[in-house]
Amino acid sequence: MRSPASQRSIMNDRSAQMGTTSFTKKALGSENGEPAVTPPPAPITETTFVKKPKLASGKSRKRDIPEGLWTKCKRCSTMVFDKELDENLKVCPNCQYHFPLGARERIHSLVETCSFEEMDADMQSVDVLKFTGISTYTSKLADYQKSTGQKDAVVTGIGKIEEHRVGLGVMDFSFLGGSMGSVVGEKLTRLIEKSTEKCLPVIIISTSGGARMYEGMFSLMQMAKTCGALAYHARAKLTFISVLTDPTMAGVMASYASVGDLIIAEPGAMIGFAGPRVIKDTTQAELPAGFQTAEFLLDHGLIDSIVPRKDMKKQLVEYLDYLTVGAKRAASAN
Ligand SMILES: [Zn+2]
């Protein structure tokens, strides 16, 4: 233990270092050493402020690293420059992993400039069941419409792919997992009916988790409705090409996506009805390697070809040339 005298002398030393008269006076006038907890005088505060800019400058150096310019590939973990990824149609230049592609970008990559006439652009879903889960269906729709700029999960219209006029429907996974509700079903049905009326081939590019649970039975009804419209289209001897992209599952795969005259898929796309975990639990069997991938389905005859995204337009034109030659000949004979 220090004597009161030595305590006082330490306090005096501290006060001298801090250079404040008031602090020194208080320390001297007190017997129990309380002045040690006296609020710090002005000169100390100034010293603290002098140090702060140094810390701030250290942080700002970190902030200088640009963000949002690079994307990490899910498959090979390569950092890909976003501009390069966009120019490569969202395909990893290193391992050819096909990133999700939005409906508008997809249409832009396929049709001739300014040739696309969109149909039913303002059609939007209604919450007929008054569905409420963690949040209401109405608020979910509003959130997705705001974040994606889309009214629903499909864009439809008529456009030209080289010299072929086609009815084109493109789904967008970023809107509620590309789920098929009454708007998706209705827009596709109207597209198919319009194409039948105008004797045009139909191409539907699918990506979907399946039926939209928020619409219950109304979404399941779309499976029959779209297939019914396609049956009339087929009866008119018109071509329907179904393109499956990652992922195409459940109610969509169990309806229009699997009834194409030609069914093609992008490399590595996950395609199926129930998910692999459900099948494994139900069958209690080990699933084969590559189960539910485009490559597996091609080997087993469920799809006709796998076409990389960069070749998609060229390949579609080749298929359309081949499949519509009879219709063209009939048209020129009339
Ligand atoms: Zn990659």
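Scroll up a little and you will see the structure.
Because the structure is predicted, anything quoted here is derived from the model rather than measured.

**Student:** Help me out: how do you make sense of the overall build of the protein in this one?
**Tutor:** Across its full length, the protein holds 13 helices and nine strands. Out of the 334 residues belonging to the protein, those deemed buried represent 39%. Within the protein, residue pairs in contact and separated by at least 24 positions form 65% of the contacts whose partners lie at least 6 positions apart. Only carbon and sulfur atoms are counted for the fraction: they give 57% of the accessible area of the protein, which is about 19100 Å².

**Student:** So what exactly am I meant to see when it comes to the coordination of the zinc ion here?
**Tutor:** Six octahedral donors around a metal ideally sit at 90 or 180 degrees from one another, while four tetrahedral donors ideally sit at 109.5 degrees. Taken together, Cys-73 (SG), Cys-76 (SG), Cys-92 (SG) and Cys-95 (SG) make up the full set of protein donors to the zinc ion, lying 2.2 to 2.3 Å away. Taken together, the four donor atoms coordinating the zinc ion span angles of 106 to 113 degrees at the metal, a pattern that classifies the geometry as tetrahedral. What makes Cys-73 buried here is its relative accessible area of 2%.

**Student:** When you look at the side chain of Thr-239 in this model, what are you seeing that I'm missing?
**Tutor:** Tracing the chain through its elements places Thr-239 in the loop between α8 (216-235) and β7 (240-248). Beyond its immediate sequence surroundings of up to four residues, Thr-239 is in contact with Pro-201, Val-202, His-233, Asp-261, Leu-323 and Thr-324.

**Student:** Would you take a moment to explain unusual backbone geometry for this structure?
**Tutor:** Most peptide bonds take the trans form, and the phi angle of most residues other than glycine is negative. Between Asp-246 and Pro-247 the backbone carries a cis peptide bond, its omega angle lying at -15 degrees. When you line up the elements, Pro-247 lands in strand β7. Notably, Ser-77 is not glycine yet its phi reads approximately 65 degrees, a positive angle. By the secondary structure assignment, Ser-77 is in the loop between β1 (70-72) and β2 (79-81). Although it is not a glycine, Asp-120 sits at a positive phi angle of roughly 50 degrees. According to the relative accessible area criterion, Asp-120 is partly exposed, its value standing at 23%.

**Student:** What am I meant to see in the pairing of β7 here?
**Tutor:** Each regular strand shows side chains that alternate between the opposite faces of the sheet. Within β7, eight of the nine residues are buried, which leaves it mostly tucked inside the rest of the structure. In this sheet, β7 lies alongside strand β6 (residues 202-208) in parallel orientation, the contact comprising six bridges. Bridged to Ile-204 within β7 is Ser-242. For the handedness criterion, the β-α-β arrangement of β6, α8 and β7 is classed as right-handed.

**Student:** Just checking my understanding: could you explain the pattern of salt bridges for this structure?
**Tutor:** Evaluated as defined, the whole model comprises 13 salt bridges. Across the pair Lys-90 and Glu-105 runs a salt bridge, and its minimum N-O distance is 2.8 Å. Of this pair, Lys-90 sits in the loop between α4 (82-87) and α5 (103-110) while Glu-105 sits in helix α5, placing them 15 residues apart in sequence. In the salt-bridge network here, residues are joined through shared partners; they are Asp-120, Glu-186, Arg-190 and Lys-225.

**Student:** I keep staring at α5 and nothing clicks. Help me out?
**Tutor:** Along an α-helix, a turn takes 3.6 residues, which lines up residues three or four apart on a common side. Where α5 is concerned, the buried positions are Ala-103, Arg-106, Ile-107 and Leu-110. Projected onto a plane normal to the axis of α5, the buried residues spread over an arc of 100 degrees and lie on a single side. Where α5 is buried, its residues contact β4 (154-161), β5 (164-171), β6, β7 and α12 (312-323).

**Student:** Explain the sheet that holds β4 here, please?
**Tutor:** Taken in spatial order, the seven strands of this open sheet run β3-β4-β5-β6-β7-β8-β9, and their pairing is mixed. Each having just a single partner strand, β3 (117-119) and β9 (305-306) make up the two edges of the open sheet. Pairing between β4 and β5: eight bridges, direction antiparallel. In the strand pairing of β5, Val-155 is matched with Val-170. Lying on the sheet, helix α7 (residues 182-197) is in contact with β3, β4, β5 and β6; it crosses β4 at an angle near 25 degrees. α12 contacts β4, β5, β6, β7, β8 (262-265) and β9 of the sheet and is inclined by roughly 150 degrees relative to β7.

Parameters at a glance
- Counting of residues starts from 1 at the beginning of each chain's written sequence and follows it residue by residue.
- Where local features are concerned, this predicted model is filtered to residues with pLDDT of at least 70; where side-chain atom pairs are given and counted, the filter is 80 or more; whole-chain, interface and lining totals use all residues.
- Working from all heavy atoms in the structure, the side-chain values ignore hydrogens and water.
- Under the scheme used here, helices are H or I runs from DSSP no shorter than 4 residues and strands are E runs no shorter than 2 residues, and both carry numbers assigned from the N terminus.
- When accessible area is computed with a 1.4 Å probe and restricted to protein chains, residues below 20% of their type maximum are described as buried, those above 50% as exposed, and intermediate ones as partly exposed.
- What makes two residues a contact is simply this: any of their non-hydrogen atoms within 4.5 Å.
- Per-residue and other accessible areas were derived by the Shrake-Rupley procedure at a 1.4 Å probe size, with only the shown protein chains allowed to occlude residues.
- Donor criterion used throughout: N, O or S atom within 2.8 Å of the metal, extended to 3.2 Å for Na, K and Ca. Water excluded; incomplete-looking sites may result.
- Between 85 and 135 degrees for all angles marks four donors as tetrahedral; over 155 degrees for opposite donors together with 65 to 115 for all other angles marks four donors as square planar and six as octahedral; every other arrangement is irregular.
- Note on pairing: DSSP must find at least two bridges between two strands before they are called paired.
- By convention a crossover is right-handed if, when the strands point away from the viewer, the path from the first strand over the helix to the second runs clockwise.
- Throughout this description, the term salt bridge denotes a Lys or Arg side-chain nitrogen within 4 Å of a carboxyl oxygen of Asp or Glu.
- Think of the arc as the fan of directions from the helix axis to the C-beta atoms.
- The convention used is that axes are lines fitted to C-alpha atoms, helices contributing only their stretch in contact, and that angles between N-to-C directions extend from 0 to 180 degrees.

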